Amino acid sequence: MTTILKDNISENFLAALPSIKDDKALNLLKDQGLPSTKNEEYKYTAITKKIASDITDFHQASPALLSDQDISGAAIDGLEAYILVLNNGILDLKHSTLPVSGFAITEIADSTTAPFHTDDITNDSFMALNRLSYLKGISIHIPRNTVLDKPVMVLNFIQSTAGQIISPKIWIEGAENAEAIFLEKTISLDKNPYFLNGSIEVKVGSNSHLHYYRIQNQSKQAIEVNSFHADVSKDATFTSFVLSLQGNMIRNNVTLNLNGSGCVGNMYGLYILNGKTHVDNHTNVDHTQPHCDSNELYKGILGDSSRGVFNGKIFVRQDAQKTNAFQQNNNILLSEDATVNTKPQLEIWADDVKCSHGCTTGQLDEEAMFYLQARGIGKEQARALLLFAFAGDVIDHIKVDAFKDYCIDLIHETLGTNF
Amino acid sequence: MLSIKNLHASIEGSPILNGINLEIKAGEVHAIMGPNGSGKSTLASVLAGREEYEVTQGEVIFQGKDLLELSPEDRAREGVFLAFQYPVEIPGVSSTNFLRTAINQVRSYRGQDPLDAVKFLSLMKEKMKLVEIDQKLLSRSLNEGFSGGEKKRNEIFQMAMLEPTLSILDETDSGLDIDALRVVSNGVNHLKSKDNATIVVTHYQRLLDYIVPDYVHVLYKGRIVKSGTKDLALELEEKGYDWIKEEVDGTTV
Ligand SMILES: Nc1ncnc2c1ncn2[C@@H]1O[C@H](COP(=O)(O)OP(=O)(O)O)[C@@H](O)[C@H]1O
Ligand SMILES: [Mg+2]
């Protein structure tokens with residue numbers, strides 16, 4: 001049988017796979033190809049083109065040699081956490097320190113043994129590609145009534161000397177009444193270009209509270225697409241937080257399905273960019289049940305010729321009465337060459353709903369700058385005060401103090417300022 | 001202390017100040033009055049260093065230094081303080097953090113050690129009493145959601161904290177009720193000494209009952225068209241500005 005692929009990049013990916021382990025994903029990829037900018041969802045983010053120009057070896061990157069120093073070097077000051085090490089997407093148990101009870105972790109070879117599926121892959125060919133490509137997925141289960149005493153820090157080490165594709169795949173399930181916080185940090189071990197195509201699926205059981213915070217501070221050559229899906233059950237809470245600082249081009253797809261009444265879904269993001277870094281956050285929250293809240297706050301500070309994209313979809317289905325949906329995207333452009341494209345997309349079928357949204361893009365407030373300077377505060381410091389004040393209300397949603405302080409330090413570093 | 005000579009300034013090419021001359025000595029209070037749009041705030045802004053205004057002619061010497069050469073922050077560090085006509089709201093920046101940063105940057109410019117938290121707080125307490133400002137107000141973001149009067153009071157509080165040599169109060173009295181006016185004036189009078197000077201920009205004679213000026217100047221069309229003592233303010237209160245406008249416009253047309 002011969003099939004025609006829409007683009008030769010998917011062909012390169014498929015040719016480098018050792019075996020085809022998911023026919024549905026294969027057909028989707030063959031049928032749709034990877035998105036070009038003609039695809040409305042990728043209009044401002046030519047990531048397929050970027051992959052085509054920068055990636056030369058489409059094999060999955062083989063595991064790197066990780067030293068103890070690599071692990072300790074990635075530690076965050078003052079953070080008490082379990083450590084889960086991913087080496088090019090594969091679990092490295094030797095370097096990990098995992099909870100001894102209330103936490104089960106297993107490796108998954110292909111989708112036939114997948115613990116669950118949160119979403120249909122048919123609307124996302126990068127997720128389909130991930131499903132075809134991951135070498136060993138990881139499934140984490142937190143049993144009912146378990147509260148993890150410490151957060152789990154996921155250290156995502158990337159080395160792309162042999163093979164430039166990394167496809168981590170993680171499932172997390174918090175059963176009824178479970179509570180856990182995951183922290184993730186991606187570490188580029190060298191400066192080779194790579195394409196990180198990760199997928200995380202989360203199932204938040206009823207009355208469970210799960211939070212997943214991520215830091216994207218990679219090498220300037222990194223290309224990343226991340227598909228993050230969470231199914232949130234009755235009376236549960238889920239929070240996604242993403243801090244994007246460095247990379248070549250990053251696309252985050254976050255989808256929250258609010259499937260049970262009385263649940264809360266939070267999506268927070270901060271992108272502080274310079275150089276030519278391009279970060280695209282596409283978010284999607286789907287209210288299907290009554291009495292649920294969604295809170296979404298994304299903020300960007302963009303310098304040099306960096307680019308930010310924000311798209312926020314909110315669906316409120318007919319049954320989702322008494323929904324509170326809040327969405328806000330604010331951007332500050334520090335340079336004339338920086339750009340932002342922002343777009344809210346709301347579709348509301350229920351009638352008893354509180355929904356608010358807003359997008360702003362502007363420069364640093366000159367009036368405020370002058371006010372601070374007129375009190376003796378130097379220009380650099382004044383700028384830092386204002387930018388930090390701007391970013392502060394996103395950062396304030398981080399519940400782990402040491403991680404929050406670490407994010408603040410990284411932000412200072414990126415902005416080249418001290419607060 | 002301050003010597004302004006033939007100062008001309010414009011914004012986006014249109015001239016606003018058209019040759020201001022003013023000499024201020026330590027210990028003096030000068031009131032600047034004048035109809036709306038005459039250039040009072042422009043003068044205050046030019047002295048504080050707002051960049052939108054272009055100085056096209058003239059000079060300003062402050063304590064022997066060329067003020068126009070200095071950045072806004074260095075002017076503040078040298079002792080110039082502008083109480084804004086419209087103080088800016090800055091969400092996310094706490095009043096305390098802001099003031100501490102300001103004071104310590106000013107101190108460092110003057111070669112002084114930074115104030116530690118304890119000393120800073122006791123200074124805050126002392127000055128809060130002076131302007132009768134509520135602690136609760138200062139635990140909020142800078143000026144955010146403050147009423148007009150609270151903003152003005154906060155300006156005087158900042159002035160008290162920074163102890164400037166030259167204070168320029170730009171319509172600090174506008175919008176204040178009589179109680180707030182009394183508090184603000186008491187604060188200003190309390191900070192007055194033989195070593196510092198105050199420029200009071202105002203619309204209303206009322207303020208000058210509380211802060212008694214040594215000189216009163218009338219600004220019109222970007223020039224000081226009349227100067228006198230506090231009696232001039234009373235005359236203006238009684239007769240309005242029309243007679244001055246007529247005098248000026250009559251001779252220039
Ligand atoms: N930022 C600005 N842009 C354009 N015109 C301005 C600006 N600021 C002041 N002006 C003009 O300059 C003149 C003087 O204004 P201002 O100094 O505020 O007067 P006053 O404080 O005496 O009421 C007015 O005609 C005003 O419209
Ligand atoms: Mg004015």
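Definitions and limits used
- Residues numbered from 1 in each chain as written.
- Chains lettered and ligands numbered in written order.
- Predicted model: local features only at pLDDT ≥ 70, side-chain atom pairs only at ≥ 80, totals over all residues.
- Heavy atoms only, no water.
- UniProt positions renumbered as here; feature names shortened; annotations may be inferred.
- Helix = DSSP H or I, 4+ residues; strand = E, 2+ residues; numbered from the N terminus.
- Rg over C-alpha atoms; globule rule 2.2 N^0.38 Å.
- Buried < 20%, exposed > 50% of the residue type's maximum accessible area, 1.4 Å probe, protein only.
- Contact = heavy atoms within 4.5 Å.
- Areas by Shrake-Rupley, 256 points an atom, 1.4 Å probe, with all protein chains shown as cover.
- Pairing = 2+ DSSP bridges.
- Axes fitted to C-alpha atoms, helices over the stretch in contact; angles between N-to-C directions.
- Donors = N, O, S within 2.8 Å, 3.2 Å for Na, K, Ca; no water.
- Polar contact = N/O pair within 3.5 Å; in protein donor to acceptor, adjacent residues only side chain to side chain.
- Phe/Tyr/Trp six-rings, centres within 6.5 Å; stacked < 30°, edge-to-face > 60°.
- Lys NZ or Arg CZ within 6 Å of the ring centre and 35° of its normal.
- Patch = residues over 30% accessible without salt bridge, like charges linked within 9 Å, V, L, I, M, F, W, Y side chains within 5 Å.
- Salt bridge = Lys/Arg side-chain N within 4 Å of Asp/Glu carboxyl O.
- Lys, Arg positive; Asp, Glu negative; His and termini not counted.
- Charge placed at Lys NZ, Arg CZ, Asp CG, Glu CD.
- Near = heavy atom within 4 Å.
- Nonpolar A, V, L, I, M, F, W, Y, C, P; charged D, E, K, R; others polar.

The name an unreviewed UniProt entry assigns to chain B is Cysteine desulfurase, from the organism Anditalea andensis.

As recorded in an unreviewed UniProt entry, chain A goes by Fe-S cluster assembly protein SufD and comes from Anditalea andensis. The record held by UniProt for chain A lists under Sequence similarities (unreviewed entry) the comment "Belongs to the iron-sulfur cluster assembly SufBD family."

Let's talk about the overall build of chain B
Tallying secondary structure elements over chain B gives 10 helices and 12 strands in all. Radius of gyration (C-alpha) of chain B: 18 Å, near the 18 Å computed for a compact globule of 253 residues. In terms of principal-axis extent, the alpha carbons of chain B reach across some 60 × 40 × 35 Å. Sorting the 253 residues of chain B into buried and exposed places 53% on the buried side. For chain B, long-range pairs separated by at least 24 residues make up 68% of all intrachain contacts whose partners lie at least 6 apart in sequence. For chain B, the exposed surface amounts to about 11400 Å²; the carbon and sulfur share of it is 48%.

Things to note about the sheet that holds strand β5 (residues 65-66) of chain B
Strand pairing within a sheet occurs via backbone hydrogen bonds; the two strands may be parallel or antiparallel. All names here are of chain B. The antiparallel open sheet is built from 4 strands, whose spatial order is β2-β1-β4-β5. Each edge of the open sheet carries a strand with a single partner, namely β2 (14-24) and β5. The sheet contact formed by strand β1 (residues 2-11) and strand β4 (residues 53-62) spans 8 bridges and is antiparallel. What sits directly across from His8, in β4, is Gln57. Contacts from helix α1 (residues 40-48) reach β1, β2 and β4 within the one sheet, and its direction differs from that of β1 by about 110 degrees.

Thoughts on the coordination of the magnesium ion (ligand 2)
Residues and elements named next belong to chain B. Every protein donor of the magnesium ion (ligand 2) is listed here as Ser41 (OG) and Gln85 (OE1), and their distances to the metal cover 2.0 to 2.3 Å. Residue Ser41 is found in helix α1, and its partner Gln85 is found in the loop between β6 (80-83) and β7 (90-94); the two are separated by 44 residues along the sequence. Residue classification places Gln85 among the buried positions, given a relative accessible area of 18%.

Considerations on the pairing of strand β14 (residues 264-273) of chain A
Residues and elements named next belong to chain A. Most of β14 is tucked away: 9 of the 10 residues are buried. As paired elements, strand β12 (residues 237-246) and β14 share 8 bridges and run parallel to each other. Each residue of the ladder has a partner; that of Phe238, found in β14, is Gly265. In this structure, β14 lies alongside strand β16 (residues 293-302), joined through 10 bridges in parallel fashion. Looking at the pairing, Met267 lines up with Glu296 of β16.

Here's the deal with the interface of chain B and chain A
Between chain B and chain A, the contact holds 32 residues from the first and 16 residues from the second. Across the contact surface, chain B and chain A share 11 residue pairs in polar contact (both at pLDDT 80 or more). A per-element tally of the side of chain B that touches chain A places helix α3 (residues 95-109) of chain B first, with 6 residues.

As for the sheet that holds β14(A)
All names here are of chain A. Here we have 10 strands laid out as an open sheet, ordered β2-β1-β5-β8-β10-β12-β14-β16-β18-β20, and mixed in their pairing. Edge strands, defined here as strands with exactly one partner in the open sheet, are β2 (90-91) and β20 (353-362). Set on the sheet, helix α7 (residues 379-395) makes contact with β12, β14, β16 and β18 (323-333); between it and β16 the angle comes to about 150 degrees. Packing against the sheet, helix α8 (residues 401-415) makes contact with β5 (152-158), β8 (179-188), β10 (209-217), β12, β14 and β16, and its axis sits at approximately 25 degrees to β10.

Details of the environment of Ile11(B)
All names here are of chain B. Positionally, Ile11 belongs in strand β1. Along the backbone, Ile11 and Ser147 are 136 residues apart, and their C-alpha atoms lie at a distance of 30 Å. Apart from residues no more than four positions distant in its own chain, Ile11 is found in contact with Ile16, Glu52 and Tyr53.

Considering the packing of aromatic side chains
Applying the stated criterion across every chain yields a total of 15 aromatic pairs over all chains. Ring centres of Phe13(A) and Phe195(A) lie 5.9 Å apart, and the angle between their planes is 65 degrees; this geometry places the pair in the edge-to-face category. Of this pair, Phe13(A) sits in helix α1 (residues 8-15) while Phe195(A) sits in strand β9 (residues 194-204); the two residues are 182 residues apart in sequence, bridging distant segments of the chain. Grouping residues by exposure puts Phe13(A) and Phe195(A) together as buried. A ring pair is formed by Tyr371(A) and Phe98(B), whose centres lie 6.1 Å apart and whose planes are at 20 degrees; its orientation type is stacked. Of this pair, Tyr371(A) sits in helix α6 (residues 366-373) while Phe98(B) sits in helix α3, placing the two residues on different chains. Pair check on accessibility: Tyr371(A) and Phe98(B) agree, each one buried. Taken together through their ring pairs, the aromatic side chains of Phe13(A), Tyr42(A), Phe58(A), Phe126(A) and Phe195(A) make up a single cluster. Above the ring of Tyr82(A), the side-chain terminus of Lys150(A) is found at 4.6 Å from the ring centroid.

Regarding a negative patch on the surface
A surface patch of negative charge is lined by Asp77(A), Asp401(A), Asp405(A), Asp409(A) and Glu413(A). Looking at the element boundaries, Asp409(A) is found in helix α8.

A short note on the site of ligand 1
Residues and elements named next belong to chain B. Surveying the vicinity of ligand 1 reveals the residues Ile11, Ile16, Asn36, Gly37, Ser38, Gly39, Lys40, Ser41, Thr42 and Tyr53. One nitrogen or oxygen atom from the main chain of Lys40 is found 2.8 Å from an oxygen atom belonging to ligand 1. Within the backbone of Ser41, an N or O atom sits 2.8 Å from an oxygen atom of ligand 1. A total of 560 Å² of accessible area belongs to ligand 1 in isolation, and the protein chains cover 60% of it. Per-element tally for the shell around ligand 1: the top contributor is α1, with 3 residues. Residue composition of the shell around ligand 1, grouped by class: 3 nonpolar, 6 polar and 1 charged.

What about the UniProt feature "domain: SUF system FeS cluster assembly SufBD core" (unreviewed entry) in chain A?
Look at the UniProt record and you will see "domain: SUF system FeS cluster assembly SufBD core" (unreviewed entry) annotated at residues 158-390 of chain A. Within residues 158-390 of chain A, the helical portion is 9% and the strand portion 61%, while the C-alpha atoms at the span's ends are 32 Å from each other.

Digging into the pattern of salt bridges
Per the stated rule, a full pass over the model turns up 25 salt bridges over all chains. Taking the shortest distance from any N to any O, the salt bridge between Lys343(A) and Glu40(A) comes out at 4.0 Å. Here Glu40(A) lies in the loop between α2 (23-32) and α3 (47-54) and Lys343(A) lies in strand β19 (residues 339-348), a separation of 303 residues in the sequence. Classification of Lys343(A) as partly exposed rests on a relative accessible area of 38%. Ionic pairing is found between Glu89(B) and Lys151(B), a salt bridge with its closest N-O pair at 3.0 Å. In this pair, Glu89(B) is assigned in the loop between β6 and β7 and Lys151(B) in helix α6 (residues 148-162), connecting sequence segments 62 residues apart. Lys151(B) gets classed as buried once you look at its relative accessible area, which sits at 15%. Via salt bridges that share partners, Glu40(A), Lys43(A) and Lys343(A) belong to a single interconnected network.

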